[in-house]
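Next come the chains, spelled out residue by residue.
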Amino acid sequence: MDQNVFDDPRITAVGLLVEAHAGLSARFAEQFEEHGLSPVEFEVLTRLARSPGNQLRMTDLAAQTSLSTSGVTRVVDRMERGGLLCRRACPNDRRSSYAVVTQTGLERLDETLPGHLRIIEQWFTGQLEPAALANLLEGLRRVRDAVHPGATAGSTDPAHGTPHC
């Protein structure tokens with residue numbers, strides 16, 4: 001095997017991305033645990049809170065998180081038992097349901113976000129000049145859209161009524 005293949009900038013780019021992700025994920029997981037959340041629970045709460053009406057169809061939540069539909073069901077069941085979210089029937093389609101953040105879930109996010117934002121600033125965005133961050137965000141969106149086209153599923157749909165749980 002040609003030793004120079006390991007100097008290929010494509011290998012370097014992916015390696016750096018994986019290493020940065022692993023380092024940030026470890027810091028995030030520790031901070032989430034302080035607030036009684038797993039990384040996937042934080043992601044679910046954040047995605048729901050950022051969506052119209054603080055809700056997403058379960059299928060859209062699965063597409064956004066890269067979890068299987070059964071995986072999302074298990075996470076939503078657990079979070080529903082913990083009072084962080086609830087399910088709401090879809091008024092237009094009886095086969096679909098929405099996951100909706102509860103007031104308790106929003107309060108947990110409010111408690112968690114300040115520390116999360118400090119970690120992001122210290123270890124990620126604060127490491128970059130504004131122009132470099134803008135370029136990185138543009139590039140990451142392009143890559144994300146190519147490899148995970150469902151990542152924003154349901155996030156721009158108008159809310160189907162006010163969520164009540």
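Residues numbered from 1 in each chain as written. Predicted model: local features only at pLDDT ≥ 70, side-chain atom pairs only at ≥ 80, totals over all residues. Heavy atoms only, no water.

What follows covers the packing of helix 2 (residues 39-49) against helix 4 (residues 69-81). Following both chains from N to C, one finds helix 2 and helix 4 inclined at 85 degrees, their axes separated by 11 Å at the closest point. Classed by the angle they form, the pair helix 2 and helix 4 counts as roughly perpendicular. In contact with V40, E41, V44 and L45 of helix 2, helix 4 contributes V75, R78 and M79. Here the contact of helix 2 with helix 4 is built from residues that sort into five nonpolar, no polar and two charged. (Axes fitted to C-alpha atoms, helices over the stretch in contact; angles between N-to-C directions. Helix = DSSP H or I, 4+ residues; strand = E, 2+ residues; numbered from the N terminus. Parallel < 35°, antiparallel > 145°, perpendicular 65-115°, else oblique. Contact = heavy atoms within 4.5 Å. Nonpolar A, V, L, I, M, F, W, Y, C, P; charged D, E, K, R; others polar.)

For the rest of this paragraph, the subject is the side chain of H116. Inspection of the secondary structure assignment puts H116 in helix 5 (residues 103-123). Not counting chain neighbours up to four residues away, the residues in contact with H116 comprise F28, Q31, F32 and F42.

Time to look at the packing of aromatic side chains. Under the defined criterion, the tally for this structure stands at two aromatic pairs. Centroid distance F28 to F32: 6.1 Å. Interplanar angle 25 degrees. Geometry classified as stacked. With a gap of four residues between them, F28 and F32 both fall in helix 1 (residues 9-34), about one helical turn apart. Comparing F28 with F32, the two get one shared label, buried. A centroid spacing of 4.2 Å and a plane angle of 20 degrees characterise the contact between F32 and F42, whose relative ring orientation is stacked. On the criterion of sequence distance, the pair formed by F32 in helix 1 and F42 in helix 2 is long-range, its members being 10 residues apart. Here F32 and F42 have matching classes, each one buried. (Phe/Tyr/Trp six-rings, centres within 6.5 Å; stacked < 30°, edge-to-face > 60°. Buried < 20%, exposed > 50% of the residue type's maximum accessible area, 1.4 Å probe, protein only.)

So, about helix 1. Taking 1.5 Å per residue, 26 residues should reach 38 Å; helix 1 reaches 38 Å between its end C-alpha atoms and fits that length. Within helix 1, burial applies to L24, F28, Q31 and F32. Where the residues of helix 1 are buried, they touch helix 2 and helix 5. After helix 1 finishes, the residue G36 shows a positive phi value of roughly 70 degrees. (Expected span 1.5 Å × (residues − 1).)

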